[in-house]
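Observations on the model geometry
Chain residues, written in single-letter form:
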Protein chains: 2
Amino acid sequence: MAEPHDAVSVIATKRDHGELDDASIDWVVDAYTRGVVADEQMSALAMAILLNGMTRREVARWTAAMIASGERMDFSSLSRPTADKHSTGGVGDKITLPLAPLVAACGVAVPQLSGRGLGHTGGTLDKLEAVPGWRAELSNAEMLAQLEDVGAVVCAAGTGLAPADRKLYALRDVTGTVEAVPLIASSIMSKKIAEGTGALVLDVKVGTGAFMKDRATARELAETMVALGTDAGVRTVALLTDMSTPLGLTAGNALEVAESVEVLAGGGPGDVVELTVALAREMLAAAGVDDADPADRLRDGSAMDVWRRMLAAQGGDPDAPLPTARETHVVTAPATGVLTRLDAMAVGIAAWRLGAGRARKEDRVQAAAGVRLHAKPGDRVTEGAPLLTLHTDEPERFERALPALDGGFDVGDEPAGSTPLVLDRVAD
Amino acid sequence: MAEPHDAVSVIATKRDHGELDDASIDWVVDAYTRGVVADEQMSALAMAILLNGMTRREVARWTAAMIASGERMDFSSLSRPTADKHSTGGVGDKITLPLAPLVAACGVAVPQLSGRGLGHTGGTLDKLEAVPGWRAELSNAEMLAQLEDVGAVVCAAGTGLAPADRKLYALRDVTGTVEAVPLIASSIMSKKIAEGTGALVLDVKVGTGAFMKDRATARELAETMVALGTDAGVRTVALLTDMSTPLGLTAGNALEVAESVEVLAGGGPGDVVELTVALAREMLAAAGVDDADPADRLRDGSAMDVWRRMLAAQGGDPDAPLPTARETHVVTAPATGVLTRLDAMAVGIAAWRLGAGRARKEDRVQAAAGVRLHAKPGDRVTEGAPLLTLHTDEPERFERALPALDGGFDVGDEPAGSTPLVLDRVAD
């Protein structure tokens, strides 16, 4: 049967700075999913979108077309409102782990469909898989039941949501077109809208360890995603948060689980607590719940209680010891003074090379590998005292990880001006 | 074996407005030819090149890498200098037919590797195949022998020259990336440089019937190609010529052969003669021959003599009658006055739909199909008198061809200002 559109014409329109009409967008996304538009045509279109941009209307229609490629979930039968959070990815970003049970403890259900890590940022599922017995795969029915019973679920996104996005993401990954703001926004939002959450809080990272290196691009992405969510009826807010240095004192799967448990126990690093509580407040507000103080729920143990039930519901043993690395290597401070900079990307790449992350989708990660920080920017350090401890099961990885840290930190005489953690807030 | 470069990094460099280094260019062209760089990666790179451009150094290296993908020919054993001509394609552009024997008659050998037509512009091989018995395929040895004996050869380019270009051209055709000036220039010039001609004259068409619609882009393409030829040691000159109206009074294979024979017999339409002689003078000058006047050689029959020997050497019978169409349809002038416009694209598409051209590579063309013009812009026309005659073997094609001519010509009271045929000249 003849196709109603022609791929070269659609590509040429965007190439020549034109605007794609609704019918062209619907067709090209659907035809690509069907294999009628070839990979080499979609990659040329993706590059044209990256370089020439898309209007708000184009991105909204593109997102709708991606959602239409698959199933939609429905949480309307739940007795509680729902709120979800998405982070664009950072180093040491374990926030989902304390956040999901915390928000659930405040009366809002958290349906968190997550992914595995690729590159220097870790994946939430990889982290939770460090918990003995825990499994990421749930059926839709299991997910709904757990949301009703426990209030929080973190699990793998099924293959039914936005299959066009999965195919397109794999293509962008090998064609240098990951960085297109309209395509990043529609990729994230198509899955979140199809997932059926009522409210959504976006944590858009900015800085050396983030995908978005500069605040202007991060804000552009945040505004695009907030508009997409709002237009689709999801109450959506975004925080722009600093990712120039790792979050907390750990980067790595089991290391981050342990740190999350400290936060749920009422302790933990100040920045992790601050961001967890800030995001929880946004999620509660977006879900219309204003009578709960998340800081209280960390102190009174109710968030920890949800955490334990959440793990157990997915086969995890919250009391089992976490894996520890067979080998460690200490990096010491080169001078006495103030740690003025500790680069997120340097730490992220080191953790990745130690085995905490994967270079290809089919790689396995080490649960125990990663980096522990003994100081954060602004802290005093002493020459020869531990600055970082590297963890891995394979000692030959140290020599690959250490060069990533070269030039990754500075020790000075005076503390540098500190950056706030939450840089900006974007709402429609 | 590990590859020394990575496709995504090469794509990202061009995407981010960077300059590709020599090693990256050599690798990406070679790896694409080997199938290591995938079609979807090369198409993303092609789109980035189209939108972000290339420096003179980058285009030169890209061209060299395409040449290195295949064989090079060598005409240094010939007793005469060589000169070739390339046209970017126009409607009624039969110039190669009289030009090659004319230049040969002046003492310069013309090794003209040509292609078949695709779309609204005809191909030189399609035209010559209207001559009964003529064959386009020659071995390299046959080509060399004919160049020495006859002085002119028009034949199909072998598959050994710049195979990377063939693969890349097919990809660009389906990915909306044909229009990239650096890629057009390197595609043309890689084959011409690999062919081994000593001098090259480029006929860059500008106007509605040409690939380049505006003079600025045409000049950019001409300058890029002249630079590429010069840097490769080929004496290269370009003429920018008008393609807003068809060349001569015919568009179609046998019709154009007949018109070319008129020119070789000392007659023919003024614009075809003018451009043939202008290009011949450039080719002779570039080849270092300054003692021959091509206009004389048209008058004294020596160009016609080479034409007949050139056809006969490839099996063609110069005395055989040319095919004629089974059906004709006359389009009459809608008013009495001056023909102020006759659009090249309209006539080109009409001829194509009548069967003179092909929509897909595997289509066959009709030798006799095409359009004959009874007037050129500036000529007086009378209401009801023939303006165009359409020729085809399949009368059902008239109803497909006629809509292409709607709005394709204007009759007014006063002649419009005339455009010179040769608009500009570019040399290094």
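Here is a short report on the structure shown in this document. (Residues numbered from 1 in each chain as written. Chains lettered and ligands numbered in written order. Predicted model: local features only at pLDDT ≥ 70, side-chain atom pairs only at ≥ 80, totals over all residues. Heavy atoms only, no water.)

1. Comments concerning the overall build of chain A
Of the regular secondary structure elements, chain A holds 16 helices and 13 strands. A compact globule built from 428 residues would reach a C-alpha radius of gyration of about 22 Å, and chain A, at 22 Å, matches this within 12%. Expressed as a percentage of its 428 residues, the buried residues of chain A come to 56%. In chain A, the share of contacts with a sequence separation of at least 24, taken over all contacts with a separation of at least 6, comes to 79%. Just so you have it, chain A exposes about 16,200 Å², and 50% of that area is on carbon and sulfur atoms. Here chain A contributes 41 positively and 61 negatively charged side chains, and the mean placements of these two sets differ by 1 Å. (Helix = DSSP H or I, 4+ residues; strand = E, 2+ residues; numbered from the N terminus. Rg over C-alpha atoms; globule rule 2.2 N^0.38 Å. Buried < 20%, exposed > 50% of the residue type's maximum accessible area, 1.4 Å probe, protein only. Contact = heavy atoms within 4.5 Å. Areas by Shrake-Rupley, 256 points an atom, 1.4 Å probe, with all protein chains shown as cover. Lys, Arg positive; Asp, Glu negative; His and termini not counted. Charge placed at Lys NZ, Arg CZ, Asp CG, Glu CD.)

2. Section: the packing of helix H5 (residues 96–105) of chain A against helix H12 (residues 270–286) of chain A
All names here are of chain A. Where H5 meets H12, the closest approach of the two axes is 10 Å, and the angle between their N-to-C directions is 40°. Comparing the axis directions of H5 and H12 gives the class oblique. As for the relative orientation of H5 and H12, their crossing is right-handed in sense. Across the interface between the two elements, Pro98, Leu99, Leu102 and Val103 from H5 touch Thr276, Leu279, Ala280, Met283 and Leu284 from H12. (Axes fitted to C-alpha atoms, helices over the stretch in contact; angles between N-to-C directions. Parallel < 35°, antiparallel > 145°, perpendicular 65-115°, else oblique. Left-handed = near helix turned anticlockwise from the far one by under 90°.)

3. What about the interface of chain B and chain A?
If you look at the interface, chain B gives 19 residues, while chain A gives 19 residues. Between chain B and chain A lies a buried interface of about 1,600 Å² when both sides are counted; carbon and sulfur atoms form 67% of it. When the buried area of chain B at its contact with chain A is split by residue, B:Arg15, B:Glu40 and B:Leu51 rank highest and sum to 35% of it. Residue B:Glu179 pairs with A:Arg15 through a salt bridge whose shortest N-O separation is 2.8 Å. Counting the contacts that link chain B with chain A gives nine residue pairs in polar contact (both at pLDDT 80 or more). Counting residues per element, the ones that place at least two in the side of chain B that touches chain A are helix H1 (7–15), helix H3 (39–52) and helix H8 (163–175) of chain B. With ten residues, H3(B) is the single largest residue contributor to the side of chain B that touches chain A. Its residues assigned to classes, the side of chain B that touches chain A shows nine nonpolar, five polar and five charged. (Buried area = accessible area lost by both parts, 1.4 Å probe. Salt bridge = Lys/Arg side-chain N within 4 Å of Asp/Glu carboxyl O. Polar contact = N/O pair within 3.5 Å; in protein donor to acceptor, adjacent residues only side chain to side chain. Nonpolar A, V, L, I, M, F, W, Y, C, P; charged D, E, K, R; others polar.)

4. Re the pattern of salt bridges
Scanning the entire structure with this criterion turns up 60 salt bridges over all chains. A salt bridge links A:Asp319 to A:Arg308; the shortest N-O distance between them is 2.9 Å. Of this pair, A:Asp319 sits in the loop between helix H14 (302–313) and strand E7 (327–332) while A:Arg308 sits in helix H14, and the two are eleven residues apart along the sequence. Measuring nitrogen to oxygen at the nearest pair gives 3.2 Å for the salt bridge that ties B:Asp165 to B:Lys191.

5. A word on the environment of A:Gly107
You can see A:Gly107 is positioned in the loop between H5 and strand E2 (110–114). Not counting chain neighbours up to four residues away, the residues in contact with A:Gly107 comprise A:Arg80 and A:Pro81.

6. Some words on the sheet that holds strand E6 (residues 250–252) of chain B
All names here are of chain B. Read across the sheet, four strands follow the order E6-E9-E11-E7 without closing on themselves; strand pairing throughout is antiparallel. Of all the strands in the sheet, the pair left with one neighbour each is E6 and strand E7 (327–332). On average, each strand axis in the sheet is tilted by 15° relative to the strand beside it, whichever way the strands run. Pairing analysis gives three bridges linking E6 to strand E9 (residues 370–373), with the strands arranged antiparallel. When the sheet's bridge partners are listed, Thr250 is paired in E9 with Arg372. Where helix H15 (residues 344–356) meets the sheet, it contacts E6, E9 and strand E11 (386–392), and its direction lies at approximately 135° from that of E9. Strands E7 and E11 of the sheet are contacted by helix H16 (residues 398–405), whose axis makes an angle of about 25° with E7. (Pairing = 2+ DSSP bridges.)

Any functional reading would require information beyond the geometric quantities listed.
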